[in-house]
Each structure stands twice: as structure tokens, then as C-alpha cells.
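# Notes for the structure review
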Amino acid sequence: MAGIVVKPRARILHGHDWVFSSEVLKVFGNPADGDVISLKDGRDRLIGSAIYNSKSQIVARRFSRQRQDLDRDFFKRRIAQASEYRDRRNIDPKLRRVVWSESDGLPGVILDRYGDYFVLQTLTLAVDLRKDLIVKAIVDLFGGTTIIERNDSPIRKAEGLELQIGVLEGGSPSGPLEIEIDGLKFDVDLLHAQKTGFYLDQAPNYSVVANYATGRRVLDCFANQGAFALACVRAGAMDAAAVEESSENIAAGKQNGERNGLKLRWIEQDVFAFLRGAEKAKAEYDLIILDPPSFTKTKSGLRDALRGYRELHLRAFKLLSKTGLLATFSCSHHVSETAFAQTIADALVDARRSARKLRRFEQALDHPVVPTIPETEYFKGVLLEMMPGR
């Protein structure tokens, strides 16, 4: 088998599963992009099997510590293991992330389930070339079903892959699919909504934040389709406003409100512009939710991302009442939890406010974190309460 020899200090020798181009000591056997290769250390010892792509900065991604091929049985076994892990966590079997890439030993494979529909992403060249095997493995495990391909993520470009959306197995859905989270019903358009249809990594947090909404004036920023705001209204919020720039998301959010018999005010505007205007109008809220999309996909954009987070939190702190609450989240992997916390602290100083941290938020259990692969942990969040008289 062709392969590569890694340099002595390569991170894969310390538990990671990636080999970067700068960590390659030697390539042998002339592997083709998309091949399965062997990984060896400087003493010619096998350290695993990996997928290979010379065009990517991550030239190899290990999927096994032994000699292993990517065949139908392998995909079936790994997907079954991933599903069983989530069964043990008591995650809804009909609404879950079934496979989360490296966290489940399937680099580049993301699989979400919505009822009888599965949404698949193949984000690395090797697994994309074996997409048919993955589809067959899913059918073997879960029976006759519809499998939708949502390969429109820009991440694919780094692997030299084109963007694609379509139905790989079964019939195309006739329209939006209804899902239910903690008693709230949402319409999800699996072919056109963001990413794989819904932000399942936030699912457990809607009701947690809503527990603090009773009798409060709530502002949900970057509201998407209004999940946080609707949960807060149902929990007894005095008033709720949702700020969202996308008219399509607002239309979907209004439909979600009607479906659940809940009313809230929608504001179609850029969040930063809205917050500046609200400050000038001397508006005040008792609970603000900040759940923005990722501010940077690259390490080079970190400085601008932190600047954006700092301004965002500064504006929010100025709008909170004396004992107001802020639930704030970041899904930018390159923004570490430490950097995020420091940015919040800096914004508190700028706003001349003080706060106590009530709790921290993590990504849902169906998005497991592998400690030796920091990239599997991208989501962080905190709930803060303002301190009066400070």
C-alpha cells in the first residue's frame, strides 16, 4: 500500500488524526488523490490507515490505527457504532446527528436524520468518491429511506470538490418536513435550508434559555427561524422580538409561529445596525440572545472575528436591564473558548457593566468531542446575568 512517512513531531503522533502537508517527511508508492494510504513513523512502523489528498492542506486523515480499506462493510460498521453511541445517550433516534466526521471515525462524513429522511454531506475527496457505498450502508442499517445530499458547503472546495444538492436514494420530499423539539414544531426544508436543514447542535439549549424568559422582554438576535424566541414566548415572555436579516428565514419563522400558536415581533434588519439603533432609542431588554453564524472559517480571519464579537457584546450589554440576562454563543472553531471569554470580558469593561456567569453551553451530545482532535469542538456559549449597582 502506498503511503507517507510523517515527521517526528507530527501531531498525529500525539493523538490527532490529521497530517498536514508541512508534517510529511516522505511520500512513497505514488498514491493518487482519494486513495487509502498507510501512515508510518520514521522507524517504518504502521500508525494507521488514512485517506489522501495532495491538493488539500490536510494531506491525510487517519480513520483507523490498523490496516483497513474503505469498503461497504467498514462504512456500515462505523455508522452503526455512531448510532449506538447516540442510543446510549438517549438522543431521539428520529432527530439526531448520526455521524459527526472525525468524532465518529469517518473523516468528512456528516449524516443527520429527520424522521424517515437522512441528509448526507461528504466533505473529503475519498469519501465523496465512495458516496454510493455510504448510501448502501445507510440503507442496510436503516431500511428503505430517503437520502438527500447537501454537498453545498464551501469546505468542499479545499478538497477540490464541486458543490452539489440532490436526492441520492428514495423520493424527493414534496415540501418542508415537520420536526418537533421539546414540544415546539418547526418546518424544515431539507433541500434548501441552511447546512443540513436545522441547527441540531443547539437543540437542547432552546428550553434551557427559555426557562429564564418568564415575564421578561426578550430580544433574539440572528434569530434564523425563531427557535429561541418561540421557546421564550411559550415559556411566558412578556414580549419577544426576533431580529433576522434573511427574508426567507423570517417567512419560515412566521410560519413556525403560526404552527405553534405563538406570536412574536419580527424585525428584518442587520443585527449590528439594529443594536446601534436600539441604543440610540434607549431601548431596554431583560433577556438578549446572541446566536450568530460563524464569524470566520479561517485562522487568518480571527482578528476581525474577535473585533466583531466585541462590538456585538458591547451593544448588547448597553441594552440590558439592571439584572438582565445574556445568552451568547459562538460556532467559530478558530475562536477558542478562552478568546471568546476574554472578548466578552473586554466588552463588559467597554460597556461599564459587571456580570456573573450562570452557566456554560456546549454542543449537543450527538456532536461528540474528541479531546485529541480540538477541531471536533467548535461550539461554545455562556449565560450571564448583569450585576445591579455596579
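Look a little higher up for the structure.
One structure accompanies this document, and this report is about it. (Residues numbered from 1 in each chain as written. Predicted model: local features only at pLDDT ≥ 70, side-chain atom pairs only at ≥ 80, totals over all residues. Heavy atoms only, no water.)

## Here's the deal with the sheet that holds strand β16 (residues 265-268)
The 7 strands lie next to each other as β16-β15-β14-β17-β18-β20-β19, forming an open sheet whose pairing is mixed. The open sheet is flanked by β16 and β19 (355-361), the only strands paired with a single partner. Here the strands of the sheet are splayed against their neighbours by 15° on average, with no regard to which way each runs. As paired elements, β19 and strand β20 (residues 380-386) share 6 bridges and run antiparallel to each other. Considered in β20, the bridge of Ala355 is made with Met386. Helix α6 (residues 247-260) rests against β15 (239-244) and β16 of the sheet, and its axis sits at about 170° to β16. Across the sheet, helix α7 (residues 271-280) touches β14 (217-221), β15, β16 and β17 (285-290), and the angle it forms with β14 is around 150°. (Pairing = 2+ DSSP bridges. Helix = DSSP H or I, 4+ residues; strand = E, 2+ residues; numbered from the N terminus. Axes fitted to C-alpha atoms, helices over the stretch in contact; angles between N-to-C directions. Contact = heavy atoms within 4.5 Å.)

## Focus on helix α3 (residues 131-142)
With 12 residues, α3 ought to run about 16 Å at 1.5 Å a step, and its terminal C-alpha atoms sit 17 Å apart, in line with that. Restricting attention to buried positions, one finds in α3 the residues Lys131, Ile134, Val135, Ala137 and Ile138. Looking straight down α3, one finds its buried side chains confined to an arc of 160°; they lie on one side. Against α1 (72-88), β8 (109-114), β9 (117-122), α2 (125-129), β10 (146-151) and β11 (164-169) lie the buried residues of α3. Looking one or two residues past α3, Gly143 carries a phi angle of roughly 80°, positive in sign. (Expected span 1.5 Å × (residues − 1). Buried < 20%, exposed > 50% of the residue type's maximum accessible area, 1.4 Å probe, protein only. Arc of directions from axis to C-beta.)

## Regarding unusual backbone geometry
You will see that Asn30, though not glycine, has its phi angle at about 55°, which is positive. Within the secondary structure, Asn30 is located in the loop between β3 (24-28) and β4 (36-40). By relative accessible area, which is 73% here, Asn30 ends up exposed. One non-glycine residue, Lys282, lies in the positive phi region at around 60°. If you trace the backbone, Lys282 turns up in the loop between α7 and β17.

## Some thoughts on the pattern of salt bridges
Taken as a whole and judged by the stated rule, the model has 30 salt bridges. Linking Asp152 and Arg150 is a salt bridge whose minimum nitrogen-to-oxygen distance equals 2.9 Å. Among the residues examined, Asp152 registers a relative accessible area of 27% and is labelled partly exposed. Close ionic contact of Asp346 with Arg310 constitutes a salt bridge, the shortest N to O distance being 3.7 Å. Placement of Asp346 in helix α9 (residues 337-351) and of Arg310 in helix α8 (residues 302-319) is noted, with a sequence separation of 36 residues between them. With relative accessibility at 23%, the residue Asp346 sits in the partly exposed group. Using a relative accessible area of 34% as the deciding quantity, one classes Arg310 as partly exposed. One salt-bridge network, held together by shared partners, links Arg276, Glu279, Glu311, Arg315 and Lys318. (Salt bridge = Lys/Arg side-chain N within 4 Å of Asp/Glu carboxyl O.)

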